[in-house]
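As a plain string of letters, each chain reads:
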Amino acid sequence: MKRTFNFLLQGRVNALLLLTMLVPGTSFAYVKRDLLQKQANVQQVKNMLLPREQWIPYPAYKDRAGWDRLTGSYKNAFIEKGNAALTYQWKVIKATDYLEYTRSGSRVIMETPLNENVTTIVNLFTAELAEGKGRYLDQLANGVFAACEMTSWALSAHLSLQSSKIGFPDHREQVIDLMAGDMGSLFAWIYYYFHDDFKKINPLLELRLKKELEDRILIPYMNTDHLWWMALRYKPGALVNNWNPWCNSNVLQTFALIEDDPEKLARAVYRTMMSVDQFINYTNEDGACEEGPSYWGHAAGKLYDYLQLLYDITGGKISLFGEPIIKNMGTYISRAYVGNGWVVNFADASAKLYPDAPLIYRYGKAVNSTELMQLAALIRSSRQDGPPAAGRDAYRLFQTLRFDKELAACTAAHNTPAFTWYPQTEVCFMKQGALFFAAKGGHNNESHNHNDVGSFNLYINDMPVFIDAGVGTYTRQTFGPGRYSIWTMQSGYHNIPVINGYEEKNGATYKAGDVQFDARTKTFSLNISNAYPDATRVTRWLRSYRLSDGQLEISDAFSIDRPEKENRIHFLCYGTIKKDAPGKILIQQENGNTQLTYNSRDFEAVIETVPQEDARLSAVWGKQIYRIVLTARKLQRSGTYVFRIRRL
């Protein structure tokens, strides 16, 4: 077995050793660690569980002084949102809203009214906790009742989880998806705080809410093992992504808040441990998030939520915060954060992101990472423009309020090493002066995959110049058979070649080979030939990236058995692009100009405008981005291309 690295190269400790070693990539995933199950069995879990009044750190509803301290300067803002919600007219999610997903592929028709309802419920809930006078309880009861009347809490896009597979809420089967889980944990907190008040409004309201939580969350979770995200039937090669910790975090909250039987609670907690172990098993030891930084809060971030809750309800007896893989998963967000809201965005991640600063702080506190805590303070200082967003996650909101003063007092900084190498995931970050370089190997069946083996991003003075466009608005096609007909998923719109007329293919067999990172020479290299179909007839395409003297040098050394079409090299860019001179292309941005140089005897250059008509993409890039297409002037069986990028 290839060596498993239990650390990220830091460039600080043992500097001489690290700077001279050549580290080959390993690119393997599932390792049966079962870290949680090794901590305790069911009976031990039962003995560890604390009563709710001991592990819940938030004030009781009637503790007005406690809530004044917790909400602090945000109290009036919560109350104002609650006041606005008092006249809200609850939306009905119609049958045709669900059917729209199967008819047109649109998700938003169904999701928009449901999100509005849930946001209003959160605003009423937090306003009542902040004020404590009972003014919001009737309207909150209206929202809870409306939700209880829904056939399913699952989103239309996720109804394939139902056995019937007919794209419509099935009253015969309750399934837990992301939304159902979120609503379950939210309503469990509402039940915890207001079940007595609901009982006073009408006893059936309190009974109904608890019954719905049992029927929609508790019973299905314990009686189901086929849902893919649970991974309880895991088979090698299967995907385990952010759904796993996200849903399990919600399930654990719901059980912990409403299950009164110690035996049932212990079995449920242990079942979540079995399931979450599969996510940790699937994650590479290096801790990189293959879904990209905008999914970090849903993947590593939700894992943290789950682990923190598990830690709390067991009085700290079950803890993984000392495990290197857990710390590595946390620090990934710091390493992938470029600055000024820009992040490294491989896969479906967006390039523009202000990560959840309070979440990053809590994660850093748990794993003893000053780097994370200081980054959180930096992001908070640049985005402190109102009360914390509640979303639909009551637990995160409560935790944010709980640690708000600590975070406000923390030193703001973003101190990261000159390079970070993720040997299993095959992702490399390097910094030199104003340049921040990121590139990846891996394979083309990663979670939220794009066909992008060998692609790179380059940021200069914290601005993206050579980019990954990201992903547009999610539709049925995004996660369906037509995914790779979408331009953002195709290798032709990433910074990699079209070889002998062919782009990369999707699938786990299409992967990088000979992946190496040399810290001493600041070089990342890989053979991308196996990411292309056999018809390409390419036997070797060694792409190398090297940072030196304030520039990025890219080298493509290749061999093709039967060249039939000219190779094309693509670069996707952000800024204003123009040909500067033969062999030179200028990328202009407000904070400076960047030049790409190439051998004009080898290539003919064309600059294409790529309009950004999708709202999700245009919100990041504006009206257009550009694709540089360098087409080889002749067919070659072998050769080497060299490109250089530098700041002018």
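Quick notes on the rules
- Residues numbered from 1 in each chain as written.
- Predicted model: local features only at pLDDT ≥ 70, side-chain atom pairs only at ≥ 80, totals over all residues.
- Heavy atoms only, no water.
- Axes fitted to C-alpha atoms, helices over the stretch in contact; angles between N-to-C directions.
- Helix = DSSP H or I, 4+ residues; strand = E, 2+ residues; numbered from the N terminus.
- Parallel < 35°, antiparallel > 145°, perpendicular 65-115°, else oblique.
- Left-handed = near helix turned anticlockwise from the far one by under 90°.
- Contact = heavy atoms within 4.5 Å.
- Nonpolar A, V, L, I, M, F, W, Y, C, P; charged D, E, K, R; others polar.
- Phe/Tyr/Trp six-rings, centres within 6.5 Å; stacked < 30°, edge-to-face > 60°.
- Buried < 20%, exposed > 50% of the residue type's maximum accessible area, 1.4 Å probe, protein only.
- Lys NZ or Arg CZ within 6 Å of the ring centre and 35° of its normal.
- Pairing = 2+ DSSP bridges.
- Expected span 1.5 Å × (residues − 1).
- Bend = angle between axes of the 7 residues up to and from the residue.
- Polar contact = N/O pair within 3.5 Å; in protein donor to acceptor, adjacent residues only side chain to side chain.

Draft legend 1. Structural view of the packing of helix H15 (residues 357–367) against helix H16 (residues 370–383). At a minimum axis separation of 7 Å, H15 and H16 run at an interaxial angle of 165 degrees. With respect to each other, H15 and H16 are oriented roughly antiparallel. With respect to the hand of their crossing, H15 and H16 are arranged in left-handed fashion. Side by side, H15 and H16 meet where Ala 357, Ile 360, Tyr 361, Tyr 363, Gly 364, Lys 365 and Val 367 of the first sit next to Leu 372, Met 373, Ala 376, Ile 379 and Arg 380 of the second. Of the residues that constitute the contact of H15 with H16, the class distribution is 9 nonpolar, 1 polar and 2 charged.

Draft legend 2. Just the packing of aromatic side chains, in detail. Counted by the stated rule, this structure contains 53 aromatic pairs. Geometrically, the ring pair formed by Tyr 422 and Phe 429 is edge-to-face, given 5.8 Å between the ring centres and 75 degrees between the ring planes. Assessed through its relative accessible area of 3%, Phe 429 is described here as buried. A cation over a ring is seen here: Arg 616 above Tyr 474, with NZ or CZ 4.7 Å from the ring centre.

Draft legend 3. The arrangement of the pairing of strand E17 (residues 576–581) in detail. As paired elements, E17 and strand E18 (residues 584–589) share 5 bridges and run antiparallel to each other. Within the sheet, the bridge partner assigned to Ala 581 lies in E18 and is Lys 584. The turn linking E17 back onto E18 is made up of 2 residues, and Gly 583 within it adopts a positive phi angle of 80 degrees.

Draft legend 4. View of helix H14 (residues 324–336). Here H14 is 13 residues long and its end C-alpha atoms lie 18 Å apart, about the 18 Å a rise of 1.5 Å per residue gives. Of all the bends found along H14, the most pronounced is centred on Gly 330 and spans about 30 degrees. Counting buried positions along H14 yields 11 of 13 residues, so the element is predominantly enclosed. Burial in H14 covers these residues: Ile 325, Ile 326, Asn 328, Met 329, Gly 330, Thr 331, Tyr 332, Ile 333, Ser 334, Arg 335 and Ala 336.

Draft legend 5. Layout of helix H10 (residues 203–223). An ideal rise of 1.5 Å per residue puts 30 Å on 21 residues; H10 measures up with 28 Å between its terminal C-alpha atoms. Bending of H10 peaks at approximately 40 degrees at the position of Glu 214. Of all the positions in H10, only Leu 205, Glu 206, Leu 209, Lys 210, Glu 212, Leu 213, Arg 216, Ile 217, Leu 218, Pro 220 and Tyr 221 are classed as buried. Check the buried side of H10 and you find it contacts helix H8 (137–148), helix H9 (178–201), helix H11 (243–258) and helix H12 (262–282). One side-chain oxygen at the N-terminal end of H10 lies 2.9 Å from the backbone nitrogen of Leu 204; it belongs to Asn 202.

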